[in-house]
Amino acid sequence: MRKKIDANWKFYPGGESPFWGVNSSGVTVHLPHDFSLLQKRDPNAKTGASNAFFPGGLGCYKKELQIPEEWWGQEILLEFEGVYMNAEIRVNGQLIMRHIYGYTSFFCDITPYVRYGEANFISVNVNNDAVPNSRWYSGSGIYRHVWLEVRDPLHIASWGVSVTTPAVSTERSVAQVRTTLENHRHGGETVTLRSRLVDQNGAEVAAAENELRISAGDNMEVTQTLNVIPARLWSVEDPYLYTLISEVLRNGTVIQEQKTPVGIRSLSFDAKQGFRLNGREIKLKGGCVHHDCGPLGSAAYDRAEERKVELHKKNGFNAIRCAHNPPSPAFLDACDRLGILVIDEAFDCWHEPKNPNDYGVYFDLLWKSDMRAMILRDRNHPCVVMWSTGNEILERDGRSNGYALARELADYVRSLDPTRAVTNALCTIPSINDKVDEQSLAELGDQWGPLTEKFTEPLDVVGYNYLRHRYEYDGKKYPSRVICGTETYPAQAFEYWEQVTNNPHVIGDFVWTSMDYLGEAGLGRVWYGEKKGFLGDYPWHMAFCGDFDLCGNKRPQSYYRDCVWGISKAPYIAVYKPQYYGQTAGLTPWSWPDVVSSWDWPGFEGKPVQLEIYCTDHEVELLLNGKSLGRKPAGKENKYKAFFETEYEPGELAAVGYDENGRETSKTVLRTPKEPAQIRLTPDRTVLGNGVGDLCYIMAELVDRDGNVVFHAENDLFFSACGAGTLIAVANSNPVSEEMYVGNQRKAYEGRALAVVRADAASGEIVLTAMADGLPAASVHIQAAGGK
């Protein structure tokens, strides 16, 4: 038996002392939960801009569990998918476990400490007070699910099922199943291990069965081969999943059943043929994604993770790099279902720290157990195609035994899973020349290549962060090296993608970032005047560099990427904000120009305004109120951009695309809105089918009487939810807003705000209402139905 125990925990801010207990009355919360998000951002917080000015701190979670007497003789475990960080687990007052790393899952065997037939008390103390410990927003608390598992002392080990596919074709495929059994009984036993592979209709397609004798205290790995004839392969276009049902039987009775999704697919990587999935070359159209869920902080609701993956899939991405830590199981489950390839990354640092209190403090003690936890937990996900041992590791230049460590980590990964590529993401080295143009080579030689060569030797794929200028040079210097652009600048999307498509040894491109995130505040900001620092000052709290903003809306760079990837259907009109006309804009390497797609600039009538049109057509014409402002070349030869300048005049602005023969092929129109007349609510779904904890994202837009979004509207919006759900977050995409993400009020930004509702019952109606002064209230009805 395995079930979630997310509901009805008591949370105590400030944590629990073994001497004095808790110092607050506590509040009932449901997991996943991020207590940092409840805090007011503080410009003086030690966490600083990296952690979005959230202070962090201590917290304690308590839960009462009834353990029935009939469970006596069974093993009782708790599984924590993620606790940030320094978790102490107590059962009935007994300290039974500590887990330091905030991103790996772990199990607690609570069997010796429970009291049968009565209440038991679980306490989880969380310490995120030693800051700074992260370069991005970490969140704090039990931010992923917690599971209760009850099992026979003779059982399949935790994460004890491994499925690989050594032979793959549609005619005949082989699934090799390795199952580890443990016998914690006092005597030896004979049991049967049965493994059945079933399709999505529940029909059995292959099976194997073994009778086994397992001695007391022993464990045994059993290998079974399943022939699948014919086979439907897992791919980006058709992410078909079978289900492996693993059963342990004693005297013909099933004492344990475990289900594992299985995708049948093959992977290969080499410098001449690139990356191949099922024998077919695929270029990775990737994005880097941090673990937070935007307005929810780090709370990893299944739907929030799924929505992230859906946004990527809908907008042409086929790959995601998890930066810079193992993701939630729900995130990988969504990638399996939707067909997104994943780089699963372990660490942001090794021995050498990047912050005073980060993982570098614990690396020597913990790297092997945390790496093992990541790989054993995630190895059955077909979406995972590469394991990354780290990001921008300081030891990449050989310091602190870096070369030997790089090999030790890569070898350990392969000992656990030899079926995937091992990578690591390298960047430039400060004070070292990494340029490979003729002048630099003549004057200084190639310094970066020789210095990192031994570090990269054990890697199957070498990740290059912002090293586009080395792609072709290193392809010649290291002819067997497979390169992946593991971080790239948004504004150089065209140049990076050209390198990927023109070089078989460069297998893909991962923009930093595809999804905007909390922390690294102002990394992608634009400023006018003097720049003050690498990151933004308070109240900046978002990175502001994603293809999608914190609410999930497409930003201008995403529309430009549509052109680069050939999926754009119409021109995109990018308008430079007229209030800054004539001023020099400051941009970081992660910035996008200060443009928006709006023709709503009250007070700037008759003032000059500049525009860029992103367009795949041969030419594009711009028309203002029916008057042509000229026709200019666009398309790939012009990097999909055409520049215009005019004077602002309210009305209708149209961009028309033409092919080589002068025929109109596409058109986009922007209209100047009138004043706000109503609130338009658009839920991402109207039926929530996944039970308690499912989410609905409702976009609130201030629109005029014709339905046009009023871009300049900044009305205060007030939300309420009633019925079978709760309002858990309110948001907009303003990177310098000082409003909190919890509560019921949010100011519109660029005419929009977001509300997130959680289903609190398996069935029933949820009504979300939005109100603003001077406008009629609006409501949307959502049905929770069919959940568990």
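Structure: above.
Residues numbered from 1 in each chain as written. Predicted model: local features only at pLDDT ≥ 70, side-chain atom pairs only at ≥ 80, totals over all residues. Heavy atoms only, no water.

K.L.:
Kindly report on the overall build of the protein, identifying the contributing residues and their values.
P.N.:
For the protein, the count of helices and strands is nine helices and 49 strands. Taking 788 residues into account, the globule formula puts the C-alpha radius of gyration at 28 Å, and the protein, at 27 Å, falls close to it. Overall size of the protein, expressed as C-alpha extent along the three principal axes, is 90 × 65 × 55 Å. Every one of the 788 residues in the protein was classed for burial, and the buried ones make up 59%. Taking all contacts inside the protein whose residues are at least 6 apart in sequence as the whole, residues at least 24 apart take part in 70%. Summed over all atoms, the accessible surface of the protein reaches about 30,300 Å², with 48% contributed by carbon and sulfur. Here the protein contributes 81 positively and 102 negatively charged side chains, and the mean placements of these two sets differ by 1 Å. (Helix = DSSP H or I, 4+ residues; strand = E, 2+ residues; numbered from the N terminus. Rg over C-alpha atoms; globule rule 2.2 N^0.38 Å. Buried < 20%, exposed > 50% of the residue type's maximum accessible area, 1.4 Å probe, protein only. Contact = heavy atoms within 4.5 Å. Areas by Shrake-Rupley, 256 points an atom, 1.4 Å probe, with all protein chains shown as cover. Lys, Arg positive; Asp, Glu negative; His and termini not counted. Charge placed at Lys NZ, Arg CZ, Asp CG, Glu CD.)

K.L.:
How would you sum up the sheet that holds strand 21 (residues 274-277)? Please name residues and give values.
P.N.:
As summarised here, the arrangement of the three strands in space is 20-21-22, forming an open sheet in which the pairing is antiparallel. Each edge of the sheet is formed by a strand with only one pairing partner; in this case those strands are strand 20 (267-270) and strand 22 (280-281). Note that strand 21 and strand 22 share two bridges and pair antiparallel. Among the inter-strand pairings, Arg276 is bridged to a residue of strand 22, identified as Glu281. (Pairing = 2+ DSSP bridges.)

K.L.:
I'd love a proper account of the packing of helix 8 (residues 493-502) against helix 9 (residues 556-564), names of residues and values included.
P.N.:
Direction vectors running N to C along helix 8 and helix 9 enclose 30 degrees, while the axes themselves pass 10 Å from each other. Seen from above, helix 8 lies across helix 9 with right-handed handedness. Each of Ala493, Phe494 and Trp497 in helix 8 lies in contact with helix 9, whose residues at this interface are Tyr560, Arg561 and Val564. (Axes fitted to C-alpha atoms, helices over the stretch in contact; angles between N-to-C directions. Left-handed = near helix turned anticlockwise from the far one by under 90°.)

K.L.:
Give me the lowdown on the side chain of Asn315, citing residues and values where you can.
P.N.:
If you trace the backbone, Asn315 turns up in the loop between helix 1 (302-314) and strand 24 (319-322). For Asn315, a relative accessible area of 9% translates into the label buried. Polar side-chain contacts of Asn315 include one of 2.8 Å to the backbone oxygen of Leu311. Beyond its immediate chain neighbours, meaning those up to four positions away, Asn315 contacts Phe548, Lys554, Ser558, Asp562, Trp565 and Ile567. (Polar contact = N/O pair within 3.5 Å; in protein donor to acceptor, adjacent residues only side chain to side chain.)

K.L.:
Let's hear about the nonpolar core: which residues, and what values?
P.N.:
Membership of the largest hydrophobic core comes to 106 residues, with the highest contact counts inside it found for Phe275, Phe347 and Met371. If near-sequence neighbours (up to four positions away) are discounted, Phe347 is found in contact with Tyr101, His324, Tyr359, Phe363, Trp367, Asp370, Met371, Thr389, Gly390, Asn391 and Leu409. (Core = buried A, V, L, I, M, F, W, Y, C linked by side-chain atoms within 4.5 Å.)

K.L.:
So what's going on with the environment of Glu305? Residues and values would help.
P.N.:
As for its position among the elements, Glu305 is in helix 1. Its relative accessible area of 3% is what places Glu305 among the buried residues. Taking the C-alpha atoms as reference points, Glu305 and Asn503, separated by 198 residues in sequence, lie 33 Å from one another. Apart from residues no more than four positions distant in its own chain, Glu305 is found in contact with Cys293, Ala300, Ser328, Ala330 and Phe331.

K.L.:
Tell me about the environment of Pro571, and name the residues and values.
P.N.:
Mapping Pro571 onto the fold places it in the loop between helix 9 and strand 32 (572-576). Sequence spacing of Pro571 and Val620 is 49 residues, and the spatial spacing of their C-alpha atoms is 8.0 Å.

K.L.:
Now, about the environment of Glu75: what can you tell me, with residues and values included?
P.N.:
Mapping Glu75 onto the fold places it in strand 7 (residues 75-80). Taking the C-alpha atoms as reference, Glu75 lies 9.6 Å from His155; in sequence the two are 80 residues apart. Look past the residues within four positions of Glu75 in its chain and what remains in contact with it is Thr111, Glu149, Val150, Arg151, Pro153, His155 and His184. At 2.6 Å, the side chain of Glu75 and the side chain of His184 are in polar contact.

K.L.:
Residues and numbers for the sheet that holds strand 44 (residues 716-723), please.
P.N.:
Here five strands make up an open sheet; going across it, the order is 42-49-48-44-46 and the pairing mixed. Edge strands, defined here as strands with exactly one partner in the open sheet, are strand 42 (687-688) and strand 46 (745-747). Alignment of strand 42 against strand 49 (residues 775-784), held across two bridges, turns out to be parallel. Looking at strand 49, one finds that Val687 is bridged to Gln783.

K.L.:
Mind laying out the pattern of salt bridges, listing which residues take part and the relevant values?
P.N.:
Applying the stated criterion to the full structure yields 52 salt bridges. A salt bridge links Arg135 to Glu520, with the nearest nitrogen and oxygen atoms 3.9 Å apart. One end of the pair, Arg135, is in the loop between strand 11 (118-128) and strand 12 (146-151); the other, Glu520, is in the loop between strand 30 (506-511) and strand 31 (526-528), and 385 residues separate them in sequence. Taken together, the salt bridges that share partners define one network made up of Arg194, Arg196, Glu204, Glu209 and Glu247. (Salt bridge = Lys/Arg side-chain N within 4 Å of Asp/Glu carboxyl O.)

K.L.:
An account of the state of the cysteines is requested, with residue identities and associated values reported.
P.N.:
This model, assessed by the stated rule, comprises zero disulfides. No disulfide involves Cys108; its sulfur sits 14 Å from that of Cys60, the nearest cysteine. With no disulfide of its own, Cys383 lies closest to Cys335 among cysteine sulfurs, the gap being 5.0 Å. (Disulfide = S-S within 2.5 Å.)

K.L.:
Go over the packing of aromatic side chains with me, naming the residues and quoting the values.
P.N.:
As enumerated under the stated definition, the model contains 40 aromatic pairs in all. For the ring pair Phe317 and Phe548, a centre distance of 6.1 Å and an interplane angle of 65 degrees mean the geometry is edge-to-face. On the criterion of sequence distance, the pair formed by Phe317 in the loop between helix 1 and strand 24 and Phe548 in the loop between strand 31 and helix 9 is long-range, its members being 231 residues apart. Take Phe317 and Phe548: they sit in the same class, and that class is buried. Aromatic pair Phe347 and Tyr359: ring centres 4.9 Å apart, planes at 15 degrees, arrangement stacked. Linking Phe347 in the loop between strand 25 (341-345) and helix 3 (363-378) with Tyr359 in the loop between strand 25 and helix 3, this pair joins segments that are twelve residues apart in sequence. (Phe/Tyr/Trp six-rings, centres within 6.5 Å; stacked < 30°, edge-to-face > 60°.)

K.L.:
Describe in detail the packing of helix 1 against helix 2 (residues 329-338), supporting the description with residues and values.
P.N.:
Orientation of helix 1 relative to helix 2, taken along the N-to-C sense of each, is 40 degrees, at an axis distance of 8 Å. On the basis of the axis angle, helix 1 is oblique to helix 2. Where helix 1 crosses over helix 2, the handedness of that crossing is right-handed. Side by side, helix 1 and helix 2 meet where Asp302, Glu305, Glu306, Val309, Glu310 and Lys313 of the first sit next to Ala330, Phe331, Ala334, Cys335, Arg337 and Leu338 of the second. (Parallel < 35°, antiparallel > 145°, perpendicular 65-115°, else oblique.)

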